[in-house]
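Survey of secondary and tertiary structure
Residue-level listing of the chains:
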Amino acid sequence: MRYPVLISLLFIFVFSSCKKDKFNTIPALKFESVNTRDLYPGEQLQFTLSFTDAEGDVSNNVYIEEIAPGCAQSSFKDTYTVPDFPSTKNQKGEMKVIFGYNISGLSNISPKCMRNDTAIFRFALQDKAMNVSDTIDSPPIILHY
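Quick notes on the rules
Residues numbered from 1 in each chain as written. Predicted model: local features only at pLDDT ≥ 70, side-chain atom pairs only at ≥ 80, totals over all residues. Heavy atoms only, no water. Pairing = 2+ DSSP bridges. Helix = DSSP H or I, 4+ residues; strand = E, 2+ residues; numbered from the N terminus. Buried < 20%, exposed > 50% of the residue type's maximum accessible area, 1.4 Å probe, protein only. Salt bridge = Lys/Arg side-chain N within 4 Å of Asp/Glu carboxyl O. Contact = heavy atoms within 4.5 Å. Phe/Tyr/Trp six-rings, centres within 6.5 Å; stacked < 30°, edge-to-face > 60°. Lys, Arg positive; Asp, Glu negative; His and termini not counted. Polar contact = N/O pair within 3.5 Å; in protein donor to acceptor, adjacent residues only side chain to side chain. Core = buried A, V, L, I, M, F, W, Y, C linked by side-chain atoms within 4.5 Å.

1. Let's talk about the sheet that holds strand β3 (residues 44-53)
Taken together, the four strands give an open sheet; going across it, the order is β1-β3-β6-β7, and neighbouring strands pair in mixed fashion. Either end of the sheet is taken by a strand with one partner, and the two such strands are β1 (28-34) and β7 (107-108). Pairing of β3 with strand β6 (residues 91-100), which is carried by 10 bridges, proceeds in the antiparallel orientation. Bridge pairing in β6 places Ser50 opposite Glu94.

Structure follows, in structure tokens:
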């Protein structure tokens, strides 16, 4: 009698661990990488984010917030345009969010408190049905004065 129970438990374990990637109605946003943790004048700050969405109806903006705890006037909120992706069920994609430190043609960031700032960047993604992903944070980034 012990063996059928043991075999049943093993069977349940094997089939429950073989699930495919699940895509949810609420978009999922994941921080992949950042090109530098120390940003100097004239450099770019590039975040790589990935996302999934079951309906494939990702809207056109990623919401961004910079938080610099040691310098209140350095914080900001902004949106970044999501590149066009084909709208397909179980949509998966990757995007780059780029800022420039005194580089024309890019969204500008720089320390505002006349000294080095340490900032964390927060990101959230919304779909056309108004579902918003969890907020994800970058590692601390030092903006050198």
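2. Examining the pairing of strand β8 (residues 117-127)
Burial of β8 is extensive: eight of the 11 residues sit out of reach of the surface. One ladder, built from seven bridges, connects strand β4 (residues 58-67) with β8; its direction is antiparallel. Its bridge partner being in β8, Glu65 is matched across the sheet by Arg122. Note that β8 and strand β10 (residues 141-143) share three bridges and pair antiparallel. Bridge pairing in β10 links Thr118 to Ile142.

3. Regarding the pattern of salt bridges
When the charged atoms of two side chains lie near each other, side chains of opposite charge can form a pair. Taken as a whole, this structure holds three salt bridges when the rule is applied. A salt bridge links Asp117 to Arg115, with the shortest nitrogen-to-oxygen separation between them at 3.6 Å. Salt-bridge contacts for Arg122 lead to Asp137; the nearest nitrogen and oxygen are separated by 3.0 Å. Of this pair, Arg122 sits in strand β8 while Asp137 sits in strand β9 (residues 136-137), and the two are 15 residues apart along the sequence.

4. Here's the deal with unusual backbone geometry
Here the phi dihedral of Asn90 falls at roughly 50°; this positive angle occurs in a residue that is not glycine. Looking at the secondary structure, you find Asn90 in the loop between β5 (76-81) and β6. For Asn90, a relative accessible area of 44% corresponds to the partly exposed category. In this structure, Met130 takes a positive phi of about 70° despite not being glycine.

5. A look at the environment of Val62
Relative to the helices and strands, Val62 resides in strand β4. We classify Val62 as buried; its relative accessible area is 0%. With 63 residues separating them in the primary sequence, Val62 and Leu125 have C-alpha atoms 4.8 Å apart. Setting aside residues no more than four positions away along its own chain, Val62 makes contact with Leu49, Asp78, Thr79, Tyr80, Val82, Met95, Phe123, Ala124 and Leu125.

6. What about the packing of aromatic side chains?
Going through the model one piece at a time under the given rule, you end up with four aromatic pairs. Members of the aromatic cluster, connected to one another through ring pairs, are Phe31, Phe47, Phe99, Phe121 and Phe123.

7. Remarks on the side chain of Asp127
In this structure, Asp127 sits in strand β8. We note that Asp127 is buried and unpaired, the nearest opposite charge coming from Lys128 at a distance of 9.7 Å. There is a polar contact of 2.8 Å between the side chain of Asp127 and the backbone nitrogen of Asn131. Asp127 has contacts with Thr25, Pro27, Asp53, Asp57, Val58 and Ser59, leaving out every residue within four places of it along the chain.

8. Some details on the nonpolar core
Soluble globular proteins tend to bury their nonpolar side chains together. In terms of nonpolar packing, the biggest core is built from 26 residues, with Leu45, Val62, Phe121 and Phe123 touching the most fellow members. For this core, the secondary structure elements donating two or more residues are β1, β3, β4, β6, β8 and β10. Among all residues touching Phe121, those that are not within four sequence positions of it are Leu45, Phe47, Ile64, Glu65, Glu66, Phe76, Phe99, Ile109, Ile136, Asp137, Ser138 and Ile141.

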